[in-house]
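Residue-level listing of the chains:
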Amino acid sequence: MSTATAQALADLAAASELLAAATAALSDPELSAGHAACFGLLLESLGAGQSRAQISVAHALRRTGAHKLDQPSLHAVAQAGADPSMDNFAAAEGQTTAGRTAFRSARSFMQDWLDIPRNTAHDRLIQADCLIGGVDESGHPTEPWLEDLAQDFADSTLDPRLIAATALKLHSTRKDLPEGAAGAEQKQQLQSDARKLIHSEPKSARKHIANMVAQVKAGKRPLKALLDEVGLFRRGTRRGLIEYILRVLPSQAAAIEAHFASTGNPATQAGDRQGLQEAEAEFTGDPGEGWDDEATKPDWAREDGTDPPGSGAEPDTEANADANADADAEPDTEADAAGTAAEPAPAWEDLKPERRRLIGLMALLLKDHGANNGADSNRAGLATAQVSIILDYEKMLSGAPRYAASSSGLGFSPGELRAAMCNAGIYPVILNGRSLPLDLGRTQRLFTKAQGRAIRAAYRGCAYPGCAMPVERCELDHLDAWEKGGCTDIHSASLCCPVHHVERHCGLFHAVKIPGCRPMVLLPPDLDPEQQLRINTYFMTPEEALAAEDLAQRMTAQWRAGRLDVEIVEP
């Protein structure tokens, strides 16, 4: 066994050298696009394998008691790492001591000797407990805490990073689960739901699993307990910035999310990029590109080309002619580059969404509520938050604990729902079990506002699986082409973000119309070899996401069995 493990370590050292050599060779500026794609594909596969190996290392260090190695053994291990040869690996087998050890535990060994950050070492040991197994106080091995996920972790065809992150999330609920059989049943249900999300839609699984865990931790807390913790808290100054923490109820968060969505939409007055840039200049004191009045404008900025009022200067015709001639000439590249370097102006669209949201919030806080309120209400950043609340009619009649959610995927309790419905700007939309909008007007060339609101409420966001573009930034997509005799019907409409809208019409993926059901998506074989019908569940609650995945699987099974008449929409 020692020879076999020494050979495995030598192979690992050789693999490290091969990886370094391959990376250097593939950094060639003349690398082709196809080889760059292969480079990325293979390297990500290696990264997934490395993540699985790192958790196995944590388990091996604890199981073998590596933190009890004596000093000569640690020196031999270090020598083998510096000079990876078969002789050095054979000498590095090491011995543990029963006396005083240099490290208290496997975690301290990982942190102090392997230079692994403390939190990372802690997480890897937890992941090893959940996915490989642990060690009890007497040194005997124990079964993994999440047995079903442990099987997925051992499956080389699945990404271990997502499974490991899921295990860490589920493990954080152990103190919130009830004792005895009820706790074991709830843990098993969490594990089962998480596996369904991982297998069906891995791109959205992290978000839904985090929401599932949050629901477990929240439990059935009374409203008074929640209200005791809401508020805006100041944390203090850090790195020259003032930090705040905002804790709100889901019904309040829905209004905030709607405000952010309006601010992030460049098609609205609130999200106008130039206006937001000017608003930011007001908040930061940056003069920006504006001028105080007409008299301070330079000549080139004047629409009529005249001098400032009261200057008494006559326009210089010859100078203007020279200026016009210069304007028609080719620009001085070097001078222009110097001018650009002196006054950098990054594109507003390139800035982080978090910064745009802050500008919108500041615009609200600094809004003039006086006589100029009407004019000030058109300022950039002053979003009108319109929240769509989707009521599941069947769940409401059955008395389910949660039967409503906002268009951004935030779930409401019945009490929060009643409170939210009392506020202005709330649009209740009732859907049937298949998420089809009901009783919404007549067909015409363009979608009506009522139709658009209902479609956005039903589908929440872009149709492409895993796309996180919010619904306000999406475009209504006619699945029945108008120029080919199609009708503007909500039952044959879809939502796509601007990028995926173009991609669908270019044939990069297909929308699928299903009788009596919402449209679905069929990805190309290179992205989805199994050719499953898919739904984007990113903006759904975990319960809705699981139901949507079950629906997609049933529709796929019926389609393949020839029992379902589907229409793959032409680009």
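Each chain has its residues counted from 1, following the order in which its sequence is written. The predicted nature of this model means local features are confined to residues of pLDDT at least 70 and side-chain atom pairs, given and counted, to a pLDDT of 80 or more, with totals for whole chains, interfaces and linings taken over all residues. For side-chain calculations, the full set of non-hydrogen atoms in the structure is used, while hydrogens and water are omitted.

**Observations regarding the overall build of the protein**
Right, on to step 1. Helix and strand definitions here come from DSSP, where helices need a minimum of 4 consecutive H or I residues and strands a minimum of 2 consecutive E residues; each element is numbered from the N-terminal end. Tallying secondary structure elements over the protein gives 22 helices and 14 strands in all.
Right, on to step 2. Three labels apply to residues, based on accessible area from a 1.4 Å probe with only protein chains included: buried if under 20% of the type maximum, exposed if over 50%, partly exposed otherwise in between. Counting all 571 residues of the protein, 34% fall into the buried class.
Right, on to step 3. Exposure was quantified through the Shrake-Rupley algorithm and a 1.4 Å probe, taking into account, for residues, occlusion by the shown protein chains and nothing else. Carbon and sulfur atoms make up 54% of the accessible area of the protein, which totals about 33800 Å².

**A few points about the pairing of strand β3 (residues 231-238)**
Residues in a regular strand project their side chains so that they alternate between the two faces of the sheet.
Right, on to step 1. Note on pairing: DSSP must find at least two bridges between two strands before they are called paired. In terms of strand pairing, β3 meets strand β4 (residues 241-247) through seven bridges, oriented antiparallel. Paired with glycine 236 across the strands is glutamate 243, a residue of β4.

**So, the nonpolar core**
Where a protein is soluble and globular, its nonpolar side chains tend to be buried together.
Right, on to step 1. The criterion is simple. A nonpolar core is a set of buried Ala, Val, Leu, Ile, Met, Phe, Trp, Tyr and Cys residues joined through side-chain atoms within 4.5 Å. The biggest cluster of nonpolar side chains holds 40 residues, and the ones touching the most others in it are Leu131, Ile514 and Met520.
Right, on to step 2. Those elements that provide at least two residues to this core are α6 (118-131), α7 (147-154), α8 (160-171), α9 (180-200), α10 (202-218), β12 (520-522) and α22 (542-560).
Right, on to step 3. If you tally residues by element for this core, the top one is α22, at six residues.
Right, on to step 4. Contact between two residues is taken to exist if any of their heavy atoms lie within 4.5 Å; hydrogens are not considered. Discounting chain neighbours no more than four positions away, the residues touching leucine 131 are Pro144, Leu149, Ala150, Phe153, Ile163, Ala164 and Ala167.

**Structural notes on the packing of aromatic side chains**
Right, on to step 1. Centres within 6.5 Å are what make two rings of Phe, Tyr or Trp a pair, Trp counting through its six-membered ring; a difference in plane orientation under 30 degrees is then read as stacked, over 60 as edge-to-face, and the rest as tilted. Across all of its chains, the model carries four aromatic pairs by this definition.
Right, on to step 2. Their ring planes at 90° and their centres at 5.2 Å tell us that phenylalanine 103 and phenylalanine 109 sit as a pair that is edge-to-face. In terms of burial, phenylalanine 103 and phenylalanine 109 fall into one category: buried.
Right, on to step 3. Judged by centre distance (5.0 Å) and plane angle (70°), the rings of tyrosine 464 and phenylalanine 509 are edge-to-face.

**Quick word on the sheet that holds strand β13 (residues 533-534)**
Right, on to step 1. Strand order in the open sheet made by the four strands is β13-β12-β11-β14, with antiparallel pairing throughout. Edge positions in the open sheet fall to β13 and β14 (567-568), since each of these has one partner strand only.
Right, on to step 2. Two strands pair when backbone bridges link them, and strand β11 (residues 510-513) and β12 are joined in this way by three bridges, in the antiparallel orientation. Considered in β12, the bridge of valine 512 is made with methionine 520.

**Considering the packing of α10 against α22**
Right, on to step 1. The N-to-C vectors of α10 and α22 enclose an angle of 135°; their axes lie 9 Å apart at closest approach. One element, α10, and the other, α22, form an angle in the oblique class. On α22, the residues that touch His208, Asn211, Met212 and Gln215 of α10 are Pro542, Glu543 and Ala545.
Right, on to step 2. Here the residues of the contact of α10 with α22 sort into three nonpolar, three polar and one charged. Simply put, an axis is a line fit to the C-alpha atoms, just over the touching stretch for a helix, and the angle between two N-to-C directions goes from 0 to 180 degrees. Each angle gets one of four labels, with under 35 degrees taken as roughly parallel, over 145 as roughly antiparallel, 65 to 115 as roughly perpendicular, and the rest as oblique. Think of it as three bins: nonpolar holds Ala, Val, Leu, Ile, Met, Phe, Trp, Tyr, Cys and Pro, charged holds Asp, Glu, Lys and Arg, and polar takes everything else, Gly as well.

**A few points about α9**
Right, on to step 1. Here the expected span of a helix is defined as 1.5 Å times the quantity of residues minus one. Between its first and last C-alpha, α9 extends 31 Å over 21 residues, near the 30 Å set by a 1.5 Å rise per residue.
Right, on to step 2. Inspection of α9 places Gly183, Lys187, Leu190, Gln191, Asp193, Ala194, Leu197, Ile198 and Ser200 among the buried residues, and these make up the whole buried set.

**Brief notes about the pattern of salt bridges**
Right, on to step 1. Note on definitions: salt bridges are taken to be side-chain nitrogens of Lys or Arg within 4 Å of carboxyl oxygens of Asp or Glu. Under the criterion given, the structure shown has 11 salt bridges.
Right, on to step 2. Residues arginine 235 and glutamate 243 are paired through a salt bridge, measuring 3.7 Å at the closest nitrogen-oxygen approach.
Right, on to step 3. Classification of arginine 235 as exposed rests on a relative accessible area of 57%.
Right, on to step 4. For glutamate 243, a relative accessible area of 24% gives the class partly exposed.
Right, on to step 5. With a shortest N-O distance of 3.8 Å, glutamate 243 and arginine 238 are connected by a salt bridge.
Right, on to step 6. Sharing partners across several salt bridges, the network here consists of Glu44, Asp159 and Arg161.

**Some thoughts on the packing of helix α2 (residues 33-64) against α6**
Right, on to step 1. It is at 8 Å that the axes of α2 and α6 come closest, and there the two elements cross at 85°. Between α2 and α6, the crossing angle belongs to the class labelled roughly perpendicular. Note on element contacts: α6 touches α2 through Arg124, Leu125, Gln127, Ala128 and Asp129, opposite Gln54, Ile55, Ala58, His59 and Arg62.
Right, on to step 2. In the contact of α2 with α6, the residues fall into four nonpolar, three polar and three charged.

**As for a nonpolar patch on the surface**
Right, on to step 1. Patch members must show over 30% relative accessible area and no salt bridge, and they are joined within 9 Å when carrying like charges or within 5 Å when they are nonpolar side chains of Val, Leu, Ile, Met, Phe, Trp or Tyr. A surface patch of nonpolar side chains, about 480 Å² in accessible area, is lined by Leu232, Ile242, Tyr244, Leu246 and Val248.
Right, on to step 2. For the nonpolar patch, the element with the highest residue contribution is β4, accounting for three residues.
Right, on to step 3. On the secondary structure map, leucine 232 appears in strand β3.
Right, on to step 4. The exposed category is assigned to leucine 232, whose relative accessible area is 59%.

**Digging into unusual backbone geometry**
Right, on to step 1. With phi around 70°, arginine 460 is a residue other than glycine that occupies positive phi space.
Right, on to step 2. Tracing the backbone shows arginine 460 in the loop between α20 (449-459) and β9 (475-478).
Right, on to step 3. Its relative accessible area of 6% is what places arginine 460 among the buried residues.
Right, on to step 4. Phi angles above zero are rare outside glycine, and glutamine 531 is one such case at about 50°.
Right, on to step 5. Within the secondary structure layout, glutamine 531 lies in the loop between β12 and β13.

**Notes on helix α3 (residues 71-82)**
Right, on to step 1. Counted at 1.5 Å a residue, the expected span for α3 with its 12 residues is 16 Å, and the 17 Å between its end C-alpha atoms agrees.
Right, on to step 2. Among all positions in α3, only Ser73, Leu74, Ala76 and Ala80 are buried. In an axial view of α3, the angular spread of the buried residues amounts to 160°, which keeps them on one side of the axis. Of the exposed residues in α3, the ones pointing more than 90 degrees away from its buried face are Gln71, Pro72, His75 and Ala82.
Right, on to step 3. Looking at the packing, one finds that the buried side of α3 touches α4 (86-91) and α5 (106-112). In this description, the arc belongs to the directions extending from the helix axis to the C-beta atoms.

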